[in-house]
Amino acid sequence: MPNADIRTAMPTINGHTDVYFIVGDPVQQVQAPTTFNRIFSLLGINAVLVPVHIAPADLQSFVASAFKAPNIKGVWVTIPHKAPMLSWLDSCSDLAKMAGAVNAVRRNADGSLEGGLFDGEGFVASLDYFQIRYQARRVLMLGAGGAAAAIAASLALAGASAPAEIAFFDPAPGRAASAAQRMAALSPVPLVAAASNDPAGYDLVINATPLGMQASDPMPFDVARMEPQAALVDILMKNQPTPAVRAVRARGLVAEPGFEMMIQQTHCYLDFFGFHAAAQHVRQDANFLRELIYPSELLDEIRR
């Protein structure tokens, strides 16, 4: 597809348009509306994805009211709503149950609300895309929120490709231990709470914290302590390459931003919401999404 079409395409909204929301607090950082609205336009889908800033106290009432409108077909879910949303649904995927979070909700034909979780699937696929090894390796997960839990669940359930151990670290007291204990019963892989954010001894470090979103943020960990064979994936979608990514690359180690994680889960969302032909198109050719989502300097890097 021509570059100009990808960057400028937007859906035409009319009385037949299906409406989807992405709910978060805040929502200024979300990339999904830009991506999916251009997909809808390019593939001739009469739908639109709209960001909605909703405080946690208002989430349940907003979602209940929104789904009363028959042309509102589904909801994308981002921070901090991924975990709370789960308790109000009629059903969800096994991954969502293990992680205790969802990032998509659809209304089924019988009116029931069903949740799905795709962050982890996208993340694991991005590791495969970048040829970052995780089988039988030790993983340090920085952060213990919904995205971190989703990634840990998909890694733990990766079967023969699963890591040897996943350790959570979160600066909030008890949060890492709570995540590890909650998920451990459903995990074939040891899930533990790390005593610190020290990356020494780990083969893969995942930054699932907000640190790096602002230029004034401290580093999420001590890059100098990373093992020589280790890799970093920083799932932030803003301010990439983050200081952590730049510092790890300066050491000559592998460090990748989170954009590929988003690309690799795009077809999951499309399938979940019933856009099967569009999902197949994306599976067969995701390069147009990379041109859309990656900043130009990072796009040049992955093409080298």
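Residues numbered from 1 in each chain as written. Predicted model: local features only at pLDDT ≥ 70, side-chain atom pairs only at ≥ 80, totals over all residues. Heavy atoms only, no water.

**A look at the nonpolar core**
In a soluble, globular protein the nonpolar side chains are often hidden away together inside. Of all hydrophobic cores here, the largest spans 90 residues; its most connected members are Trp76, Leu155 and Phe168. Sorting elements by how many residues they give to this core places helix α7 (residues 146-156) first, with nine residues. When neighbours within four sequence positions are excluded, tryptophan 76 is seen to be in contact with Tyr20, Phe21, Ile22, Val23, Ala32, Phe36, Phe40, Leu49, Asn103, Ala104, Tyr269 and Phe273. Ranked by size, the runner-up nonpolar core spans 17 residues in total, among them Tyr202, Phe221, Met226 and Ala230. (Core = buried A, V, L, I, M, F, W, Y, C linked by side-chain atoms within 4.5 Å. Buried < 20%, exposed > 50% of the residue type's maximum accessible area, 1.4 Å probe, protein only. Helix = DSSP H or I, 4+ residues; strand = E, 2+ residues; numbered from the N terminus. Contact = heavy atoms within 4.5 Å.)

**What about unusual backbone geometry?**
Negative phi is the rule for most residues except glycine; trans is the rule for most peptide bonds. Put simply, aspartate 25 and proline 26 share a cis peptide bond, and its omega is 10 degrees. Mapped onto the elements, proline 26 comes out in the loop between β1 (18-24) and α2 (32-42). Residue isoleucine 79 is joined to proline 80 through a cis peptide bond whose omega torsion reads 0 degrees. Position of proline 80 among the secondary structure elements: in the loop between β3 (72-77) and α4 (82-86). A positive phi angle is found at glutamine 131, which is not glycine, with a value near 60 degrees. With respect to the helices, strands and loops of the structure, glutamine 131 is situated in the loop between α6 (119-130) and β7 (138-142). Owing to a relative accessible area of 71%, glutamine 131 belongs among the exposed residues under this scheme.

**A look at the sheet that holds strand β2 (residues 47-53)**
The six strands are arranged β2-β1-β3-β5-β6-β4 in an open sheet whose pairing can be described as mixed. Only two strands of the sheet have a single neighbouring strand rather than two, namely β2 and β4 (91-92). Pairing of strand β5 (residues 104-107) with strand β6 (residues 113-116) involves four bridges; the strand directions are antiparallel. Opposite valine 105, over in β6, you have glycine 115 as the bridge partner. The strands that α2 touches are β1, β2 and β3; relative to β2, the one it contacts most, it runs at about 165 degrees. Against the sheet, helix α10 (residues 259-272) touches β3, β5 and β6, its axis set at about 15 degrees to β5. (Pairing = 2+ DSSP bridges. Axes fitted to C-alpha atoms, helices over the stretch in contact; angles between N-to-C directions.)

**Some remarks on the pairing of β7**
For β7, the buried fraction is high: four of the five residues fall into the buried class. Here five bridges tie β7 to strand β8 (residues 165-169), and the two strands are oriented parallel to one another. Its bridge partner being in β8, leucine 140 is matched across the sheet by alanine 167. Both β7 and strand β10 (residues 204-207) contribute to a ladder of four bridges, which runs parallel. For valine 139, the partnering residue across the bridge sits in β10 and is leucine 204.

**Here's the deal with the packing of aromatic side chains**
Each aromatic ring pair is specified by the distance between its two centres and by the angle formed by the two planes. One pass over the structure, following the stated rule, counts 15 aromatic pairs. Ring centres of phenylalanine 36 and phenylalanine 40 lie 6.4 Å apart, and the angle between their planes is 50 degrees; this geometry places the pair in the tilted category. Pair noted here: phenylalanine 36 and phenylalanine 40 are both in helix α2, with a separation of four residues, about one helical turn. The residues phenylalanine 36 and phenylalanine 40 share a single accessibility class, namely buried. Feature note: the residues Tyr20, Phe36, Phe40, Trp76, Phe118, Tyr269, Phe272, Phe273 and Phe275 constitute an aromatic cluster, connected by ring pairs. (Phe/Tyr/Trp six-rings, centres within 6.5 Å; stacked < 30°, edge-to-face > 60°.)

**Looking at the sheet that holds strand β12 (residues 254-257)**
If you trace the six strands from one edge of the open sheet to the other, you get β9-β8-β7-β10-β11-β12, paired in parallel fashion. Pairing within the sheet leaves two strands with one partner each, and these edge strands are β9 (191-193) and β12. Along the sheet, successive strands turn relative to each other by an average axial angle of 20 degrees, direction set aside. Contacts between α7 and the sheet are confined to β7, β8 and β10, with β8 contributing the most and set at about 170 degrees to the helix. Helix α9 (residues 243-250) rests against β11 (231-234) and β12 of the sheet, and its axis sits at about 155 degrees to β12.

**With respect to the environment of alanine 208**
With respect to the secondary-structure elements, alanine 208 resides in the loop between β10 and β11. By relative accessible area, which is 18% here, alanine 208 ends up buried. Sequence-wise, alanine 208 and isoleucine 235 are 27 residues apart; in three dimensions their C-alpha atoms are separated by 5.9 Å. Residues within four places of alanine 208 in sequence aside, it is in contact with Met141, Leu142, Gly143, Ala148 and Ile235.

**Some points on the layout of surface pockets**
Considering only enclosed or pocket space, the largest pocket measures out at about 1100 Å³ in volume. Around the largest pocket sit 49 residues that line it, and Thr78, Ile79, Lys82, Ala147 and Ile235 are the ones nearest its centre. At the level of elements, α2, β3, α4, α7, α8 (175-184) and α10 are the ones that each hand at least two residues to the lining of the largest pocket. Residue composition of the lining of the largest pocket, grouped by class: 29 nonpolar, 14 polar and six charged. Space inside the second largest pocket adds up to approximately 150 Å³. Taken together, 13 residues make up the lining of the second largest pocket; nearest its centre are Ile132, Gln229, Ala230, Ala231 and Val254. Residues that form the lining of the second largest pocket fall into these classes: seven nonpolar, three polar and three charged. (1 Å grid on protein atoms, 1.4 Å probe; cavity = no way out; pocket = protein on both sides within 12 Å on 5 of 7 lines; lining within 4 Å. Points joined across faces, edges and corners; volume = space filled by probe spheres on them. Nonpolar A, V, L, I, M, F, W, Y, C, P; charged D, E, K, R; others polar.)

Any link to function would need more than the numbers given here.
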